[in-house]
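# Report on the structure
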Amino acid sequence: MSDYPLISVVIPTYEREKVLRDSLIDVLKQDYPNFEVLVVDQTPKHEPETQAYLNELAAAGKIKLFHLDWASLPGARNYAVRRSSGEVILFIDDDVELTPNFLAAHGKNYVQNPEVGAVAGRVFDRMKLGDSGGELQIEYLPPQAMDPGIAWYHIDLVHTIKPQQVLTARGCNMSFRREIFTKYGLRFDERFGGSAVREESDFCLRLRQTGYKIWYDPEAYLVHLGEEIGGCHDISMRSLQYQLTFYHNHFLMGLKNLTATQALRLYARLFDCHVLGHPPCNKSGSPIKILTRGIFYTLGFLKALGTVIQSIWNDGQIYSKLDQKA
């Protein structure tokens, strides 16, 4: 590369220990000459070894360390954006493995193509690779993967091997031009609660309205470990609240970004897959479980409808507002 745009690597973290330290080691080993690392830590109390390691890196100027007393993934992303300096802002999870050329693979796309506003990297997701047997390869995604009404069941950034335009990125491996946040004023919607499922999809749908493309580059790959302890799992998935926020977030994304026809198709597919349990969800067909999921589906819709109505007087960016008051 003839130019090396400054890349701000943002790592929101919650209740992660050794895997966070290993992820940081991989980031700091990058053979890219121009980057900074921002760790937004929402962990109440770390193990002594992890805290000492973070403090050591911060004292040496290798990372910028921020500790927050609240837990919100989109809120942490927004917090980091306001403190970043990069021309490119790259978000990764706190349980990933990287190769040394990871940052360069993201960065080259912005130098080579001015139409690219975001890069979606490939994710070697251990769970999904295990389900497919590891042999599946997709060259180009089907046309349905660009249809906002049904794309979410056709986008596969795990097995796809060819660069191409896509509708959205995965939150554990995505980067954006800084002007997406500055010139266009986009922010992650902090009303996407719980595990924040679909918060990146909502952001990417709004990004596409700027005219910029979201470009999938399989060379910008990482391994997502999918640790069961910590991260969004600890934030929400241990309670029934997860079920409510899961459906709320899907409905909210649709109500905000889709036409009526597109939204109805999304909600119908959501019901078929996640409530009735048909493929690719393959959930239990027990009448009691279907009824239970149907109740959460209904409550999620009503909650999302309430969220949209409240947006007339409250945009829900509560964590960003707390930051502005600080």
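Just so it is clear, the model here is predicted, and its values are computed rather than measured. (Residues numbered from 1 in each chain as written. Predicted model: local features only at pLDDT ≥ 70, side-chain atom pairs only at ≥ 80, totals over all residues. Heavy atoms only, no water.)

The next point concerns a nonpolar patch on the surface. On the surface, Leu 255, Leu 305, Ile 309, Ile 312 and Trp 313 cluster together into a nonpolar patch covering about 540 Å² of accessible area. With respect to the element layout, Ile 312 can be found in the loop between α11 (287-310) and α12 (318-325). Using a relative accessible area of 71% as the deciding quantity, one classes Ile 312 as exposed. (Patch = residues over 30% accessible without salt bridge, like charges linked within 9 Å, V, L, I, M, F, W, Y side chains within 5 Å. Areas by Shrake-Rupley, 256 points an atom, 1.4 Å probe, with all protein chains shown as cover. Salt bridge = Lys/Arg side-chain N within 4 Å of Asp/Glu carboxyl O. Helix = DSSP H or I, 4+ residues; strand = E, 2+ residues; numbered from the N terminus. Buried < 20%, exposed > 50% of the residue type's maximum accessible area, 1.4 Å probe, protein only.)

With that settled, consider the packing of aromatic side chains. Taken as a whole and assessed by the stated rule, the structure comprises 21 aromatic pairs. Look at Phe 91 and Phe 188: their rings are 5.4 Å apart centre to centre, the planes differ by 85°, and that puts the pair in the edge-to-face class. Taken together, the positions of Phe 91 in strand β4 (residues 88-92) and Phe 188 in the loop between α6 (179-182) and α7 (199-208) put the pair 97 residues apart, joining distant regions of the chain. Considered together, Phe 91 and Phe 188 belong to a single accessibility category, that of buried residues. The interplanar angle of 25° and the centroid separation of 5.5 Å between the aromatic rings of Phe 181 and Phe 203 together place this pair among those described as stacked. Note that Phe 181 is positioned in helix α6 and Phe 203 in helix α7, a separation of 22 residues in sequence. Residue classification places Phe 181 among the buried positions, given a relative accessible area of 2%. Classification of Phe 203 by relative accessible area gives buried; the value is 0%. Aromatic rings pair up to connect Tyr 242, Phe 246, Tyr 247, Phe 251, Tyr 267, Phe 271, Tyr 297 and Phe 301 into one cluster. Above the ring of Phe 66, the side-chain terminus of Arg 83 is found at 5.9 Å from the ring centroid. Taking NZ or CZ as reference, Arg 269 lies 4.6 Å from the ring centre of Tyr 153, over its face. (Phe/Tyr/Trp six-rings, centres within 6.5 Å; stacked < 30°, edge-to-face > 60°. Lys NZ or Arg CZ within 6 Å of the ring centre and 35° of its normal.)

This part covers the state of the cysteines. If you walk through the whole model with that rule in mind, you get 1 disulfide. A sulfur-sulfur separation of 1.8 Å characterises the disulfide bridge that pairs Cys 273 with Cys 281. Here the disulfide of Cys 273 and Cys 281 is right-handed, its torsion about the S-S bond being about 100°. Looking at Cys 273, the relative accessible area reads 0%, which means it is buried. Unpaired in this structure, Cys 204 has its nearest cysteine sulfur neighbour in Cys 172, at a distance of 12 Å. (Disulfide = S-S within 2.5 Å.)

Another point: the pattern of salt bridges. As enumerated under the stated definition, the model contains 19 salt bridges in all. Among the salt bridges present, the one from Arg 16 reaches Asp 94, with a minimum N-O distance of 2.6 Å. With Arg 16 in the loop between β1 (7-13) and α1 (18-28) and Asp 94 in the loop between β4 and β5 (96-98), this pair connects stretches of sequence that are 78 residues apart. Across the pair Asp 217 and Lys 108 runs a salt bridge, and its minimum N-O distance is 2.6 Å. On the criterion of sequence distance, the pair formed by Asp 217 in strand β9 (residues 213-224) and Lys 108 in helix α4 (residues 102-112) is long-range, its members being 109 residues apart. What makes Asp 217 buried here is its relative accessible area of 2%. We classify Lys 108 as buried; its relative accessible area is 16%. Through salt bridges with shared partners, one network takes in Asp 189, Arg 191, Asp 202, Arg 206 and Lys 256.

This is a description of form; function is not addressed.
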